[in-house]
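For reference, the chains in residue letters:
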Amino acid sequence: MNQNKLKLDKEELQILQDFERSEFESIKNFRAEKRQLEAAARRTLQKEKRINIRISARDLEKIRKWAVTEGMPYQTFIASALHKLVTGQLKELK
């Protein structure tokens, strides 16, 4: 395949080169593997726990205003911020 005609990033180019060298293997029992991975993804994304916290009125007001600027309900904003914190994605504001 002529790679010069395609605009590929570094990762895509590596995948194409690996494919052309037949370095990929078929997944045995693909449907079962796919179902298992889909179920894992659903479990990861499920919101299954509720928490109750006490927070100062001043902090809650600031959170609500920040959530409005982000275009989301404040509960969703808090959940998003907590998710970013536990996954190491939360950036400190300077």
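Conventions and cut-offs
- Along each chain, residues carry numbers from 1 onward, in the same order as the chain's sequence is written.
- Restriction of local features to residues with pLDDT of at least 70 applies here, the model being predicted, together with a cutoff of 80 or more for giving and counting side-chain atom pairs; totals for whole chains, interfaces and linings are based on all residues.
- Here the side-chain values reflect all heavy atoms present in the structure, with hydrogen atoms and water set aside.
- Axis definition: a line fitted to C-alpha atoms, over the contacting stretch in the case of helices. Angles run 0 to 180 degrees between N-to-C directions.
- Runs of E in the DSSP output that reach at least two residues are strands. Runs of H or I that reach at least four are helices, and both are numbered from the N terminus.
- Reported orientations rely on four angle classes, namely roughly parallel under 35 degrees, roughly antiparallel over 145, roughly perpendicular from 65 to 115, and oblique for the rest.
- Should any heavy atoms of two residues lie within 4.5 Å, those residues are considered in contact.
- Note on residue classes: Ala, Val, Leu, Ile, Met, Phe, Trp, Tyr, Cys and Pro are nonpolar, Asp, Glu, Lys and Arg are charged, and everything else, Gly too, is polar.
- A score from 0 to 100, pLDDT tells how confident the predictor is in each residue.
- Candidate patch residues must exceed 30% relative accessible area and have no salt bridge, after which like charges are joined if within 9 Å and Val, Leu, Ile, Met, Phe, Trp or Tyr side chains if within 5 Å.
- Here, Shrake-Rupley sampling with a 1.4 Å probe gives the accessible areas, and only protein chains in the shown set may cover a residue.
- By definition here, a salt bridge exists when the distance from a side-chain nitrogen of Lys or Arg to a carboxyl oxygen of Asp or Glu is within 4 Å.
- Pairs were defined over the aromatic rings of Phe, Tyr and Trp, the Trp ring being its six-membered one, requiring ring centres within 6.5 Å. Orientation was assigned from the angle between planes: stacked under 30 degrees, edge-to-face over 60, tilted for the rest.
- For each residue, the accessible area found with a 1.4 Å probe, counting protein chains only, is set against the maximum for its type, and the residue is called buried under 20%, exposed over 50%, and partly exposed in between.

1. Describing the packing of helix 3 (residues 57–70) against helix 4 (residues 74–86)
- Where helix 3 meets helix 4, the axes come as close as 8 Å, and the angle between the chain directions of the two elements is 90 degrees. In terms of orientation, helix 3 and helix 4 fall into the roughly perpendicular class. Where helix 3 approaches helix 4, its residues Leu60, Ile63, Arg64, Trp66, Ala67 and Glu70 are matched on the opposing element by Tyr74, Phe77 and Ile78.
- Classifying every residue of the contact of helix 3 with helix 4 gives seven nonpolar, no polar and two charged.

2. Points about the confidence of the model for the protein chain
- Per-residue confidence for the protein chain gives a mean pLDDT of 87, with 96% of residues at or over 70.
- Mean pLDDT across the secondary structure elements of the protein chain bottoms out at helix 2 (residues 30–45), with 86, and peaks at helix 3, with 95.

3. What to know about a nonpolar patch on the surface
- A surface patch of nonpolar side chains, about 700 Å² in accessible area, is lined by Ile51, Ile53, Ile55, Leu82, Leu85, Val86 and Leu90.
- Tracing the backbone shows valine 86 in helix 4.

4. Structural notes on the packing of aromatic side chains
- Applying the stated criterion across every chain, the model contains two aromatic pairs.
- With a centroid separation of 6.3 Å and 45 degrees between ring planes, the pair formed by phenylalanine 19 and phenylalanine 24 is classed as tilted.
- Centroid distance tryptophan 66 to phenylalanine 77: 5.3 Å. Interplanar angle 50 degrees. Geometry classified as tilted. One end of the pair, tryptophan 66, is in helix 3; the other, phenylalanine 77, is in helix 4, with eleven residues separating them in the sequence.
- Accessibility expressed as a relative area gives 42% for tryptophan 66, which makes it partly exposed.

5. Regarding unusual backbone geometry
- Despite not being glycine, serine 22 has its phi angle at roughly 55 degrees, a positive value.
- For serine 22, the position within the fold is in the loop between helix 1 (10–20) and helix 2.
- At asparagine 29, a position not held by glycine, the phi torsion is positive, near 55 degrees.
- Along the polypeptide, asparagine 29 turns up in the loop between helix 1 and helix 2.

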